[in-house]
Amino acid sequence: MSYENYKTKLSNQFPAIEDLAIKAKKRIPEVAWAYLESGTGDEDLLKRNRAAFNAIEFTPRFCKGHLEADTTIELFGKQYSCPIGISPIGLTGLIWPRAELILADAANRLQIPFCLSTVATETPEEVAGVVGNQGWFQLYPPKSLDLAFSILDRAKKSGFHTLVITADVPMASRRERTKRAGMQMPPKMTPKLIWDGIKHPVWSLKTIKRGLPRLRTIENYTSQTDFKFVSGFVGNRLGGTLDWDYCKTLKAYWKGTVIIKGILHPEDADQAINIGLDGIWVSNHGGRQFNGALASIKALPKVAKSVNKRVPILLDSGVRTGLDVMRALSLGADFVMIGRPFLYGVAALGKCGPDHVKHVLTDDLKNNMVQLGVESINELKSLSLG
């Protein structure tokens, strides 16, 4: 049956993203939850991402008669029913087996963008079979351009039309919480992990059926598929050398829409536009890379002022409600990309999960637009806050 058959029941049972997170935590092992939720250092940036959203207030206007919120928007020449897409997350199969395929299939059905990570557990070729025309591909830039071109050729041939260059990973972060949870790659069958698997039988059975998560896109370029070997290859061959000339080369090679992800400084946004990139993605990597960074929503106004509507601006990091989406749009974002909440949905509800996440966020966005007294995204973006 389709999600529509369950929407009323699920809306009462899981009215907010937090409710899905609580359910998801119960259904997956501790190490998977730690991987999904972790930041780095003392994880203060995770808290500041949320605090910065919560600090944004509006002054509503009333007595406007009947209002109907319209969330339709255009991005890179395509029409969307809402300004929401699915962010890339690596090693997604650890959270829920075949998660990328579930998310990609939902993106096609819901007609929202889905961005596949370089370090996903499913390949572009596999995802292409279900994502339709909603596929974006996120690249962790390899040190070798030949390797980069090979990966991009596969993504392009598979039908991915928008390239996202990740800039904010100059080196791997430490992710202390995942280490405390006992995360090892490849996973070792310790008594703790076995017991955790017994406590989460659905996750375990699905993992046995699919196999332990592997970086299937990247293992094509290694001499073996052993996870430890592939992880070492990723550490040695991806990232650490990105500069503006490299970005220009990727733009010329891709011959399509190219977005740069991880921008927080307005001068970086300006430079990206100057070399011909098509979009700016404001992000602090969900608080997972540099604990000392600005909250994305706090960086957004200055970036938006510098961009001055020359190219679209996307934002992620800390978004949990439709009200957060409205806050981002009001401060200059054109589109909001969301990662963890969609995985909460998959882990909590399986195939119905992404549909419910999208419903919760868009319903909340529309409700808050009417509460504020606006009917369209353009009207919202023209407001002064306060």
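First, a word on scope: everything that follows refers to the structure included in this document. (Residues numbered from 1 in each chain as written. Predicted model: local features only at pLDDT ≥ 70, side-chain atom pairs only at ≥ 80, totals over all residues. Heavy atoms only, no water.)

**Observations regarding the pattern of salt bridges**
Thought 1: All chains considered together, the criterion is met by 16 salt bridges.
Thought 2: Glu-219 is paired through a salt bridge with Arg-214; the nearest N and O atoms lie 2.4 Å apart.
Thought 3: Accessibility expressed as a relative area gives 9% for Glu-219, which makes it buried.
Thought 4: Close ionic contact of Asp-316 with Lys-261 constitutes a salt bridge, the shortest N to O distance being 3.9 Å. One end of the pair, Asp-316, is in the loop between β9 (313–315) and α15 (322–330); the other, Lys-261, is in strand β7 (residues 257–263), with 55 residues separating them in the sequence. (Salt bridge = Lys/Arg side-chain N within 4 Å of Asp/Glu carboxyl O. Buried < 20%, exposed > 50% of the residue type's maximum accessible area, 1.4 Å probe, protein only. Helix = DSSP H or I, 4+ residues; strand = E, 2+ residues; numbered from the N terminus.)

**Observations concerning the pairing of strand β5 (residues 135–139)**
Thought 1: Among the five residues in β5, five count as buried, and that is most of the element.
Thought 2: Side chains of β5 alternate between two faces, with Gly-135, Phe-137 and Leu-139 and Trp-136 and Gln-138 buried alike.
Thought 3: Pairing between strand β4 (residues 114–116) and β5: three bridges, direction parallel. Within β5, the residue paired with Phe-114 across the bridge is Gly-135.
Thought 4: Crossover β4 to β5 through helix α6 (residues 124–131) is right-handed. (Pairing = 2+ DSSP bridges. Right-handed = clockwise from strand over helix to strand, strands pointing away.)

**A word on the pairing of strand β6 (residues 162–166)**
Thought 1: Among the five residues of β6, five are classified as buried, and the element is accordingly described as predominantly covered.
Thought 2: Along β6, one buried face is formed by Thr-162, Val-164 and Thr-166 and the opposite face, lined by Leu-163 and Ile-165, is buried too.
Thought 3: When β5 meets β6, the two strands line up parallel, connected through four bridges. When the bridges of β6 are listed, Trp-136 appears paired with Thr-162.

**Notes on the environment of Pro-97**
Thought 1: Its place among the elements puts Pro-97 in the loop between β3 (84–86) and α5 (99–110).
Thought 2: With 106 residues separating them in the primary sequence, Pro-97 and Trp-203 have C-alpha atoms 7.5 Å apart.
Thought 3: Residues within four places of Pro-97 in sequence aside, it is in contact with Ile-102, Trp-203, Lys-206, Thr-207 and Arg-210. (Contact = heavy atoms within 4.5 Å.)

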